[in-house]
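Residue strings, one per chain:
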Amino acid sequence: MVDGSTDDGMKRKANTSRRTFLKATGAATASAGVGTGAVSATSKDREEETDVDAFLEDLTLEQKVGQMTQVDLGTFDPESTEIPDSFGVETLGEYFSELELGSVLSGGASPPTFDAQETVEGINALQEYNLEHSEHGIPFLWGVDALHGNTLLAGSTAFPQRINMGSTRNIDLIEAAERHTSDATAAMGAHWTFAPTTDLQRDPRWGRFYEGISEDATYLGEVSKARVRGLESNDRLCSTVKHFGAYSIPENGNDRAHARTSMRDLRTNVLPPYRRALEAEPATVMVNSGALNGKPAHASEWLLTQMLRERYDFEGVVISDYDDFYRMLVNHDYTDSFRRAVKEGLNAGVDMYMIGNGGEAPGPAAFIETTVSLVEDGEVSMECIDESVRRILELKADLGLFEEPTVDESEIDSVLGGGQEESEQLARESLVLLKNDDALPLSGSEDVLLTGPGYDPDLDLENRFLMRYGAWTLGWQGIQEGAPSEGGPRPRGETITEAMDDAFNGELTHVPTDFRAQPYSPDTSDPNGDFDLTDEQESDVREAAGSADAVVVVLGEGPHNEDFGDRDKLELDPAQRELVAAIEEEAPDTPVIGLILAGSPRGGTETFDSLDAVVFAGQPGSDGGHAVAETLLGENNPSGKLAFNWPENVGKVPNNYDAYPPLGDSALAEPHEPLYAFGHGLSYTDFEYSGLSVSPGSVSDPASTPTVTASVGVENTGDEAGEHIVEVYNTQSYGSVLQPDRRLLGYERVSLAAGESSTVEVDLDLSAVEVVPGDVPGILPKVVEAGEYELSVGEETTTLTVENAGSITDDRPAIGYDADLDEDVYEGIMGVLQRLGR
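Residues numbered from 1 in each chain as written. Predicted model: local features only at pLDDT ≥ 70, side-chain atom pairs only at ≥ 80, totals over all residues. Heavy atoms only, no water.

Chemist: Help me understand the packing of helix H9 (residues 171-187) against helix H10 (residues 217-231) in this model?
Modeler: What describes two packed helices is the angle between their axes and the distance between those same axes. Close contact between H9 and H10 brings their axes to 7 Å; oriented N to C, the two are set at 30 degrees. It follows from the interaxial angle that H9 and H10 lie roughly parallel. Crossing of H9 over H10 shows right-handed handedness. On H10, the residues touching Ile-171, Ile-174, Glu-175, Glu-178, Arg-179, Thr-181 and Ser-182 of H9 are Glu-222, Val-223, Ala-226, Arg-227, Arg-229, Gly-230 and Leu-231. (Axes fitted to C-alpha atoms, helices over the stretch in contact; angles between N-to-C directions. Helix = DSSP H or I, 4+ residues; strand = E, 2+ residues; numbered from the N terminus. Parallel < 35°, antiparallel > 145°, perpendicular 65-115°, else oblique. Left-handed = near helix turned anticlockwise from the far one by under 90°. Contact = heavy atoms within 4.5 Å.)

Chemist: I tried to follow the packing of helix H21 (residues 496-503) against helix H25 (residues 624-633) on my own but got confused; where do I start?
Modeler: In contact at an axis separation of 8 Å, H21 and H25 are set at 40 degrees when each is read in the N-to-C sense. As judged from the angle between their axes, H21 and H25 are oblique. In this structure, H21 crosses over H25, and the sense of that crossing is right-handed. On H25, the residues touching Ile-496, Ala-499, Met-500 and Ala-503 of H21 are Gly-625, His-626, Val-628, Ala-629, Leu-632 and Leu-633. Among the residues forming the contact of H21 with H25, the class breakdown is eight nonpolar, two polar and no charged. (Nonpolar A, V, L, I, M, F, W, Y, C, P; charged D, E, K, R; others polar.)

Chemist: Looking at this structure, how should I read the pairing of strand E23 (residues 722-732)?
Modeler: Looking along a regular strand, one sees side chains alternate from face to face of the sheet. With eight of eleven residues buried, E23 is to be regarded as a mostly interior element. Pairing geometry for E23 and strand E24 (residues 743-752), over nine bridges, is antiparallel. Its bridge partner lying in E24, Tyr-729 is registered against Leu-744. Of the strand pairs in this sheet, E23 and strand E26 (residues 787-793) are connected by three bridges, and their pairing is antiparallel. In the sheet register, Tyr-729 faces E26, and the bridge partner there is Ser-792. (Buried < 20%, exposed > 50% of the residue type's maximum accessible area, 1.4 Å probe, protein only. Pairing = 2+ DSSP bridges.)

Chemist: Honestly, the packing of aromatic side chains in this entry has me stumped. Any pointers?
Modeler: To describe a pair of aromatic rings, you give the distance between the ring centres and the angle between the ring planes. Counting across every chain of the model gives 25 aromatic pairs. Ring plane angle 25 degrees and centroid distance 6.5 Å describe the contact between Phe-644 and Trp-646, whose orientation is recorded as stacked. Summarising the burial analysis for this pair, Phe-644 and Trp-646 share the class buried. Here the aromatic residues Phe-209, Phe-608, Phe-616, Phe-644, Trp-646 and Tyr-676 are joined through ring pairs into a cluster of three or more. Here Arg-169 stacks its cationic end above the ring of Tyr-219, 5.3 Å away from the centre of that ring. Above the ring of Tyr-729, the side-chain terminus of Arg-742 is found at 4.5 Å from the ring centroid. (Phe/Tyr/Trp six-rings, centres within 6.5 Å; stacked < 30°, edge-to-face > 60°. Lys NZ or Arg CZ within 6 Å of the ring centre and 35° of its normal.)

This is how it looks when you write it as structure tokens:
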């Protein structure tokens, strides 16, 4: 931190990048004499003024709505000194001196600069300007998308993407990684990260599939709860459970589209992960950008107030997603009036509106003006505004911003790029061995051909690392929006090529094929990238394959995000399929290993039948290169298990592992089975189970006994040491409604040497078998129904008896009424529901 007593020469040096940053904010001249020490003194003078009631008394209506406004700063030209008259990204200073905004964000993992020191100094300087030039000196909240590490800055650690995290079944490790994310993000001066994504991973057509943890509601909830704990472990950072709710199940597979589902499905599967994540008390929740059963989520009083606030007891800040009041007009065609959209959103329960930095959407001044008019006309109450502002100010106080609004500028260098141990372990444990016909592991002495997408001919640059990191990494759509510059900003970490070259003793021949990241151009050869196999590349591949002892071919997709990543096919790009065919033709007796770098289940039998082994690496981040090399050599025995079903093709989507039977009528059609099922994952060794039992074997009241313990013997019967995930499923049960064929109740990792055996105990969460009983409406309290529950680990089975039905998570009937209902009608409906509940 720059001390106020620093001599002039050192002060000029420390403020150089800060002033560069502020040229674009319109704040450079005003803050030139303001150092961090001055701000600290000012904040001490305000310590007694942090009483929220005092602020609420002093703030004008316009200033209150300013606190409810968040604006995306975007990436601006740091050399620009021009300050336009309009409110744009170049006039950040006026956001505070004129509008007194409550929050700003660096949307899309794109701060004004990827340089760590410039960023932290710039945020501090802008905070200083805000405190000196806004009437009440209320510090702003800076929000960022630090979603798999602090991947906003060059040299940072990019943890494996969320699709990888899910395959580890290692909640403690995931939480440890998020603790590093919390420290690294707070050290840059940010206060808020928009994570964890707590949306079911059901539809691989969806462009954000890679952001999901799992399609299992209970597991997703537990991971999300751990991520909240990790992300909020630093007192200066808060998290966001998102996107509440049902964002990830659009009926057409497209991002931000309408979701059509039942009350039973909502209460059994869709909403419970959010509820479980809320148990960790996150500071904020973000709203679903889509619509649910005919209602935009941002306009749903049932969703945001009745469920989130009243049923789930959430007391924090509810923030919209990007421009989503405006999306009620342009996306959902719900209304043609921005005024009506704002009115419905605020009355439904949104506290803060997130506004983009361009396009036709109304900006912050228009939002403030509209909201003020709604209050003056009695369409939004002052009580509603005061409640929202109170929550926002309390959040700032909880984060310590009134006492210490800026951060120590020297800390970022000591944290950035850390968490390497967690990153390496996550990457190793997340790799899933889908197939292996004795092709793996390699000995390391082979002559190996490494080929597949990884070269951009337009940039004359090897760019496979884009496939390894995915989106939200130094940019919304991947590094520098998929067009990285030579030697430009990168996260920490070696490439797969470099890691393999270091690890293998034999000769490594690398023939990358063409790959252009096209994150904004879905009409290319593939929705998630433009791939090609030139004649020259094919000739080089054939020549190298003919003399190689083994071939490793990279397959998959480029970085993508949101609607730009939506896809209507799951097979690999034609150029990749041609590459595999050429290798098979040229070297039919050579082991060919497919390495899939993708954020979704890409590839089917057409390609996999031509491969001798398939490793799903997902998007493994900074240390993915080492994890891949170690796994190919057997130094890491793969232990990851899919956290979703891998469909055979898009025609069999949706293909959920916990779907109701039948999965297909064998008399009329092929069974609706996946290519690789939830929980699939091979090893270089073999494990056998024996003696499965459960204690207690009988439960009288699930409400008082929500957890039981399974015990099973596990033996490593192979020749290699390995880690193994023991998973316990409910595979058969009967009740008043259909029961899924499989439900995951618990899991435990065990490490065994060759020939070693162990008894593994697994805690089983009985809330995973709760159902909404009764008829089609699905409004009764959730219960674990009385009956016999078959438990399975592999081929081993045992039975748990539930003697009496009991509620674990939701013992009240579903609430669901229109806020405009006549009071007598409402009381009548609630009386019926209460009687049904009894």
